[in-house]
Amino acid sequence: MAISKKIKELQERREKLLLGGGEQAIEKQKALGKRTARERIMALLDEGSFNEYDLFVEHDARDFDMYKKSLPSDGVLIGSGTIYGAPVAIFAQDFTVAGGSLGLMHSRKITKIMDHALKMRIPLIGINDSGGARIQEGVNSLAGYGEIFFRNTLSSGVIPQISVILGPCAGGAVYSPALTDFVFVVDNISKMFITGPEVIKTVLGEEISMEDLGGAKVHSEITGNAHFFASSEDECFEQIKKLITFIPWHNGQKARMFEPAEPNPDFSIEKIVPDDPTLPYDVKNVIRAVVDNSDFFEIMEHYARNMVIGFGRMGGRTTGFVANQPLEMAGVLDVDSSDKAARFIRYCDAFNIPIITFVDVPGYLPGADQEHAGVIRHGAKVLYAYSEASVPKITVILRKAYGGGYIAMSSRHLRADFVFAWPSAEIAVMGPEGAANIIFRKEIMSSDDPDGTRKKKVEEYKEKFANPYVAASRGYVDAVIEPSETRKFLMHSITVSENKVIQMPEKKHGLPPF
Amino acid sequence: MGVLNIDTSLYKTRISGKFSNRKPYKAPDPHSVQSFIPGTVLEILVYTGQNVRKGDDLMILDAMKMQNLLKCPMDGKVKKILVKKGDKVTKGMVLLELEWLKESLHK
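A. Region of interest: the overall build of chain A. A tally of regular secondary structure across chain A gives 20 helices and 16 strands. Considered along the principal axes of its C-alpha atoms, chain A spans approximately 105 × 55 × 45 Å. By the burial criterion, 48% of the 514 residues in chain A qualify as buried. Contacts in chain A between residues at least 24 apart in sequence constitute 73% of all its contacts with a sequence separation of at least 6.

Given below as structure tokens:
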């Protein structure tokens, strides 16, 4: 055969496979408002950068007449490419081929690209759109899942791992995204659950729709399984691209530097926090007032909103932000917000991203539901994560820092490198009302006018202790600064901690309170 | 001893208290506005019969040393206010009932 003929044969073979499960199946996919696996990869990666591997892979299942069936590329595409020039490894399950079901060869393609990503130290992006295990392949498909989960764990904290849920992701399959760093979901398209609505109905007699059980909103607002919510696939891809600009390729380097830029002066920092300590405000505006371009990229925007986490840049350098949000639930620490913050702190630590913490916390949310949900165990995660983190840690106490909340929110005692406080800071063992009631109990009780005495004592306590100067007098606060000086102090702290070195005791691994 | 159905197989087993006492799933109802935090009603900003829009402030709850705003979950009309100023409320307690209003009334 002449070489030109051979090339033509290759082209024909490719052409056939590019259609995946065929035109009918593609139409069905589009009718659901979904793109095909190939279109998704093209939309996400830099134009012309996708190098595909294993296009010609076929399954080798025999049982249940499977040998009669051909499944193009075995229902998953793998390859590598770039996003804004940064290399990434990618796989995308193809729902048009046998519902994107996972058989042995399908899983081998995924594990091949995962091994590749880990070896080359580049981020891995997985697009999930699959009905689940290919039942005909039996234990082989389970083996496939297990091999994927193992690699997710192995790569964890070494390369960034991103999961994109663009269709169903049910049963065991959900555990791969759960093991990765960031999960992206799209409204009306993403569905994640261990057991579906039908099983729940048969077994428990409870009716629930797929959307209410494991839709994008549920995982963004209630479960915390998803980190980014989008209304369309396009919006989702833009979010992924933006995230890639903030994170390094692997844990042995820092994120790429950008051109430093001043924040937008419209966020006048001295006007954001109200004088009255009982009034709420949006802490995101404090972050916007200090970051480059006022560009704050929030993570888990809709989950545990009383804690704000996300990335911004300080003088061009990626920085992680953790902040109590007085606008929501008074900014308390509770089970969900502790979990959210702790995981993010560990992410930043794993990938060499300094952490800036803004504190305005009244304490822990009281209630039997919180205690029974394990607020002790979950709350401890925050202490663990901050203590363990060896990246630069800078804390700014804006207003309230009471009790356990003060300790947990990156205090000096957990080895924050720099602790600053605004003049409005109230750093004390507990709120003035509670403290006065305990300390002056006898005086209040024995007074002719208990209410009057209580008020007087509360005022006294406020005057003496609800300020930053007691903590500053012990050196727990390094500097009391004017709000307008915040960016200057933060920028300088980031610069001087560029080469921070600390020694931790040697261990196999710690035992965080998971 | 009880029976548990996993993957349509029935297993004889002991059933945990947590499982048998669980509350069946109920879809959230925007008509009854619940307290999201345990605290005290500091201010009621609406009256019975008032037309309200999604996102309007309904009440201020004093909790965790903070004046927390309770937002309206839907467009409608205040049907009933179940608490008064100064009441202590628990998390999840129904504070206010709304009724759906024909859209034309808002225009």
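From this point, the discussion proceeds with the structure in view.
B. Broad picture of the overall build of chain B. In terms of helices and strands, chain B carries one helix and ten strands. Rg of the C-alpha trace for chain B: 20 Å, well past the compact-globule value of 13 Å for 107 residues, more than 25% over. By principal-axis analysis of the C-alpha atoms, chain B measures approximately 55 × 40 × 20 Å. Expressed as a percentage of the 107 residues in chain B, the buried residues total 21%. Look at the contacts in chain B between residues 6 or more apart in sequence, and 52% of them connect residues 24 or more apart.

C. Molecular detail of the nonpolar core. Counting 146 residues, the largest nonpolar core has Phe-184, Ile-240 and Ile-345 of chain A as its most contacted members. Counting residues per element, this core draws most heavily on helix 12 (residues 335-350) of chain A, at seven residues.

D. Molecular detail of unusual backbone geometry. Residues and elements named next belong to chain A. In the Ramachandran plot, Ser-73 falls in the positive-phi region, its phi being about 55 degrees despite a non-glycine side chain. Backbone geometry places Ala-330, a non-glycine residue, at a positive phi of 60 degrees. Among the secondary structure elements, Ala-330 is positioned in the loop between strand 11 (317-324) and helix 12.

E. Here's a closer look at the pairing of strand 3 (residues 86-93) of chain A. All names here are of chain A. The element strand 3 is largely enclosed, with a buried count of six among its eight residues. The pairing of strand 2 (residues 76-83) with strand 3 spans eight bridges and is antiparallel. Paired with Leu-77 across the bridge in strand 3 is Ala-92. What sits between strand 2 and strand 3 in their antiparallel hairpin is a turn of two residues, with Tyr-84 showing a positive phi close to 45 degrees. The pairing of strand 3 with strand 4 (residues 124-130) spans four bridges and is classified as parallel.

F. Inspection of the environment of Ile-427 of chain A at higher detail. Residues and elements named next belong to chain A. One can find Ile-427 in strand 15 (residues 426-428). Here Ile-427 falls in the buried class, since 24 other C-beta atoms lie within 10 Å of it. Placed 24 residues apart in sequence, Ile-427 and Gly-403 show a C-alpha to C-alpha distance of 8.3 Å. Ile-427 has contacts with Ile-397, Ala-401, Tyr-406, Ala-421, Pro-468, Val-470 and Ala-471, leaving out every residue within four places of it along the chain.

G. The arrangement of the sheet that holds strand 5 (residues 51-52) of chain B in detail. Residues and elements named next belong to chain B. With antiparallel pairing, four strands are arranged side by side in an open sheet as 3-10-8-5. Strands with a single pairing partner mark the edges of an open sheet, and in this sheet they are strand 3 (32-34) and strand 5. Sheet topology places strand 5 next to strand 8 (residues 76-81); two bridges connect them, and they run antiparallel. By the bridge assignment for strand 8, Asn-51 is matched with Lys-77.

H. Broad picture of the interface of chain B and chain A. The partner chain A presents 19 residues to the 15 residues of chain B that form the contact. Of the residues forming the side of chain B that touches chain A, the biggest block, four residues, is contributed by strand 7 (residues 66-71) of chain B. Its residues placed into classes, the side of chain B that touches chain A shows ten nonpolar, three polar and two charged.

I. Fine view of the domain arrangement of chain A. Taken domain by domain, chain A consists of domain 1 (34-246), domain 2 (269-429 + 467-496) and domain 3 (432-465). Computed over C-alpha atoms only, the centres of domain 1 of chain A and domain 3 of chain A are separated by 59 Å.

J. Inspection of the environment of Glu-43 of chain B at higher detail. Residue and element names in this part refer to chain B. The topology assignment puts Glu-43 in strand 4 (residues 39-44). When the 14 C-beta atoms within 10 Å are taken as the criterion, Glu-43 is described as partly exposed. C-alpha separation for the pair Glu-43 and Lys-84, spaced 41 residues apart in sequence, amounts to 8.4 Å. Apart from residues lying up to four places away in sequence, Glu-43 is in contact with Met-59, Ile-60 and Lys-85.

K. How the structure looks around the environment of Glu-238 of chain A. If you trace the backbone, Glu-238 of chain A turns up in helix 10 (residues 233-246). For the pair Glu-238 of chain A and Leu-154 of chain A, spaced 84 residues apart in the sequence, the C-alpha separation amounts to 28 Å.

L. Looking closely at the packing of helix 12 of chain A against helix 14 (residues 375-388) of chain A. Residues and elements named next belong to chain A. Across the interface, helix 12 lies against helix 14 with an axial gap of 8 Å and an inter-helix angle of 25 degrees. Viewed along their axes, helix 12 and helix 14 adopt a mutual orientation that is roughly parallel. The chirality of how helix 12 crosses helix 14 is left-handed. The residues of helix 14 that touch helix 12, namely those facing Val-335, Ser-338, Asp-339, Ala-341, Ala-342, Ile-345, Arg-346 and Asp-349, are Val-375, His-378, Gly-379, Lys-381, Val-382, Tyr-384, Ala-385, Tyr-386 and Glu-388.

M. The pairing of strand 14 (residues 418-421) of chain A, seen in detail. Residue and element names in this part refer to chain A. Residues Phe-418 and Phe-420 of strand 14 are buried on one face, and the alternating residues Val-419 and Ala-421, pointing to the opposite face, are buried as well. In terms of handedness, the path from strand 13 (residues 393-402) via helix 15 (residues 403-408) over to strand 14 forms a crossover that is right-handed. Relative to strand 16 (residues 479-480), strand 14 runs parallel, the two sharing two bridges. Among the inter-strand pairings, Phe-420 is bridged to a residue of strand 16, identified as Ala-479.

N. Local environment of the sheet that holds strand 7 of chain B. Residues and elements named next belong to chain B. Strand order across the open sheet formed by four strands is 7-6-4-9, with antiparallel pairing between neighbours. The open sheet is flanked by strand 7 and strand 9 (88-89), the only strands paired with a single partner. With four bridges connecting them, strand 4 and strand 6 (residues 57-63) associate as antiparallel partners. Paired with Glu-43 across the bridge in strand 6 is Ile-60.

O. Highlighting the packing of helix 16 (residues 432-439) of chain A against helix 18 (residues 450-465) of chain A. Residue and element names in this part refer to chain A. Following both chains from N to C, one finds helix 16 and helix 18 inclined at 115 degrees, their axes separated by 9 Å at the closest point. Relative to helix 18, helix 16 is oriented so that their crossing is right-handed. Here Pro-432, Glu-433, Ala-435, Ala-436 and Asn-437 of helix 16 come into contact with helix 18, specifically with Arg-454, Lys-457, Val-458, Tyr-461 and Lys-462. Counted by class, the contact of helix 16 with helix 18 contains five nonpolar, one polar and four charged residues.

Criteria and thresholds
- Residues numbered from 1 in each chain as written.
- Chains lettered and ligands numbered in written order.
- Predicted model: local features only at pLDDT ≥ 70, side-chain atom pairs only at ≥ 80, totals over all residues.
- Helix = DSSP H or I, 4+ residues; strand = E, 2+ residues; numbered from the N terminus.
- Buried ≥ 20, exposed ≤ 12 C-beta atoms within 10 Å, placed from the backbone.
- Contact = placed C-beta atoms within 7 Å.
- Rg over C-alpha atoms; globule rule 2.2 N^0.38 Å.
- Core = buried A, V, L, I, M, F, W, Y, C linked by C-beta atoms within 7 Å.
- Pairing = 2+ DSSP bridges.
- Nonpolar A, V, L, I, M, F, W, Y, C, P; charged D, E, K, R; others polar.
- Domains from an automatic or database assignment.
- Axes fitted to C-alpha atoms, helices over the stretch in contact; angles between N-to-C directions.
- Parallel < 35°, antiparallel > 145°, perpendicular 65-115°, else oblique.
- Left-handed = near helix turned anticlockwise from the far one by under 90°.
- Right-handed = clockwise from strand over helix to strand, strands pointing away.

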